[in-house]
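Architecture at a glance
Listed below, chain by chain, are the residues.
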2 protein chains.
Amino acid sequence: MTDTRIRVAALTPQMDLGPREARHLHVLRLKVGDSLRVFDGGGGEAEAEIAELDAGHAVLTLGEAVRSAAETPFPLTLAVALLKGDKLSDVVRAATELGVAQVQLLVTARADAREIGVQKLMRLQRVAEEASKQSRRAVTPAVLAPVRLTDFRWEGQLFVAQPGSAGRMMTLLDWSAPVAVLTGPEGGLTDEEATALIGRGAHAVTLGPRILRAETAPVALLGAIAAAGGGEA
Amino acid sequence: MTDTRIRVAALTPQMDLGPREARHLHVLRLKVGDSLRVFDGGGGEAEAEIAELDAGHAVLTLGEAVRSAAETPFPLTLAVALLKGDKLSDVVRAATELGVAQVQLLVTARADAREIGVQKLMRLQRVAEEASKQSRRAVTPAVLAPVRLTDFRWEGQLFVAQPGSAGRMMTLLDWSAPVAVLTGPEGGLTDEEATALIGRGAHAVTLGPRILRAETAPVALLGAIAAAGGGEA
């Protein structure tokens, strides 16, 4: 067993890796006979042994593929309003560590931006990939291009962080279904936006009487879910 | 009522402010007759009206001082290992938003640093002050100079984030007493450190099967407490 983890497209009993991955193994000072873990970004992972390794390629022999134990038993979605600067990177990174299956970006009335460039979206996806590796997850959450709040659809339960609301996520949470949490931009959702979501079945929940920054609220909500555990090992 | 909040040393029915505060009021485009809120950093706050204002000083007339509604009903302590770079600032900022009464810095076996300079400690205190203002708190958490983990004392319950532990904070939490949460450095506490804390009565708790960064774990734990609420309004 080793701490080294690399991501591959799919898990097969014997795998040929290209020059980039081979270089990565060199950098990690691994050699033939060393073992590492590979994961496919979709929840599968396996122990692997390095069978061949030179400058231009590497061959791995894989053990049995298993479902990662690091995943929540239900898919967890974070829906978050577009935020300025590096804030979204911070949120995506922490959300990945806390086990989300996907991050849906949202355009809301007070969102800091109306859209996001392809480059920036790809950068967020790389942040998710890196964080998933660091947190020993086998799944890389998808970071989904923004949709308008009115077009956002969810499965199962949706919890909306809404200051002044009396709802408590921990008493409402039903662990047997998919769960989504939604947080607004700096300045929050408008009353109309919150009312419309509640009308569509969302639960407004509080994170206490203080005003949280837009980048703290999602981490707090997801932290609460991680702390409660929902049947995880 | 207004969103403007300024911190003062103590709340008195009539207050003389110096040039710095007067300039701040000018910058905010406030004038005589306008109202704002003042807070004393110790949980007291009051509505105030500007009675006099010129370039060099200002006089405020205060309404009745009240205890802030933004405080937890029990004192909440975050004990966190010394971390590199700006990570401690991020943790102090989020912890302040999430309602801690104080942040105790810790020197642990794997901590990124063995000490912290006075300048840096003062900077962390300013981060707490700024965050307390932004989150509409009347209390500025104290950021306490580091102590060795073995010298750390706590009141009430202590929850230690420990990967692989089976304890769940939400089922153990007793809202009627002070609460402290403790998180380690990158790489975590050593087994000896965790065992010693548990021997002293701490509860080891999990945040799920994933590995969290040292700066995410405290936000997740405090988020769980904020989401559960503990009798707050």
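Here the structure is a predicted model, which means the values were calculated and not measured. (Residues numbered from 1 in each chain as written. Chains lettered and ligands numbered in written order. Predicted model: local features only at pLDDT ≥ 70, side-chain atom pairs only at ≥ 80, totals over all residues. Heavy atoms only, no water.)

So, about the environment of V205 of chain A. All names here are of chain A. One can find V205 in strand β12 (residues 203-205). Once the C-alpha coordinates of V205 and P163 are considered, the two residues, 42 residues apart in sequence, prove to be 7.7 Å apart. Not counting residues within four places of it along the chain, the set of residues in contact with V205 comprises F159, V160, A161, Q162, S165, G167, R168, M169, L172 and L221. (Helix = DSSP H or I, 4+ residues; strand = E, 2+ residues; numbered from the N terminus. Contact = heavy atoms within 4.5 Å.)

Moving on: the interface of chain A and chain B. If you look at the interface, chain A gives 35 residues, while chain B gives 35 residues. Interface of chain A and chain B: buried area, both sides summed, is about 2800 Å²; carbon and sulfur atoms make up 55% of it. Our enumeration of links across chain A and chain B arrives at two salt bridges. Notably, a salt bridge pairs E97 of chain A with R213 of chain B, separated by 2.5 Å at the nearest N-O pair. At the surface where chain A touches chain B, the tally comes to 14 residue pairs in polar contact (both at pLDDT 80 or more). (Buried area = accessible area lost by both parts, 1.4 Å probe. Salt bridge = Lys/Arg side-chain N within 4 Å of Asp/Glu carboxyl O. Polar contact = N/O pair within 3.5 Å; in protein donor to acceptor, adjacent residues only side chain to side chain.)

Take the nonpolar core next. In globular proteins that are soluble, nonpolar side chains generally tend to be buried together. In this structure, L78, L105 and L207 of chain A together with L78, L105 and L207 of chain B are the most contacted members of the largest nonpolar core, which totals 84 residues. Setting aside its immediate chain neighbours within four residues, L105 of chain A contacts V80, L82, L88, I116, L121, L124, V143, L144, A145, P146 and V147 of chain A. (Core = buried A, V, L, I, M, F, W, Y, C linked by side-chain atoms within 4.5 Å. Buried < 20%, exposed > 50% of the residue type's maximum accessible area, 1.4 Å probe, protein only.)

Below, the discussion takes up unusual backbone geometry. Of note in the backbone geometry, R29 of chain A takes a positive phi value of approximately 60° without being a glycine. Of note, R29 of chain A is situated in the loop between α1 (19-27) and β3 (35-39).

So, about the side chain of T140 of chain A. Examined against the element boundaries, T140 of chain A turns out to sit in the loop between α3 (118-134) and β9 (142-148). Side chain to side chain, T140 of chain A and S132 of chain A meet in a polar contact 3.3 Å long.

As a further point, take the layout of surface pockets. To find leftover empty space, one rolls a probe the size of a water molecule over the atoms. Residues and elements named next belong to chain B. In this structure, the largest pocket spans a volume of roughly 510 Å³. Looking at the largest pocket, it is lined by 25 residues, and the ones nearest its centre are P163, G187, G188, I211 and L212. The residue inventory of the lining of the largest pocket, partitioned by class, reads ten nonpolar, ten polar and five charged. (1 Å grid on protein atoms, 1.4 Å probe; cavity = no way out; pocket = protein on both sides within 12 Å on 5 of 7 lines; lining within 4 Å. Points joined across faces, edges and corners; volume = space filled by probe spheres on them. Nonpolar A, V, L, I, M, F, W, Y, C, P; charged D, E, K, R; others polar.)

The next thing to look at is the domain arrangement of chain A. All names here are of chain A. Domains assigned within chain A are domain 1 (5-67) and domain 2 (76-228). Placing a centre on the C-alpha atoms of domain 1 and another on those of domain 2 gives a separation of 33 Å. Counting from both sides, the interface comprises nine residues of domain 1 and, opposite them, eight residues of domain 2. Of the roughly 680 Å² buried between domain 1 and domain 2 on both sides combined, carbon and sulfur atoms contribute 52%. Our count for the domain 1 to domain 2 interface comes out at zero salt bridges. On the surface where domain 1 and domain 2 come into contact, there are zero residue pairs in polar contact (both at pLDDT 80 or more). Elements supplying a minimum of two residues to the side of domain 1 that touches domain 2: β1 (5-7) and β4 (44-53). Grouping the constituent residues of the side of domain 1 that touches domain 2 by class yields one nonpolar, four polar and four charged. (Domains from an automatic or database assignment.)

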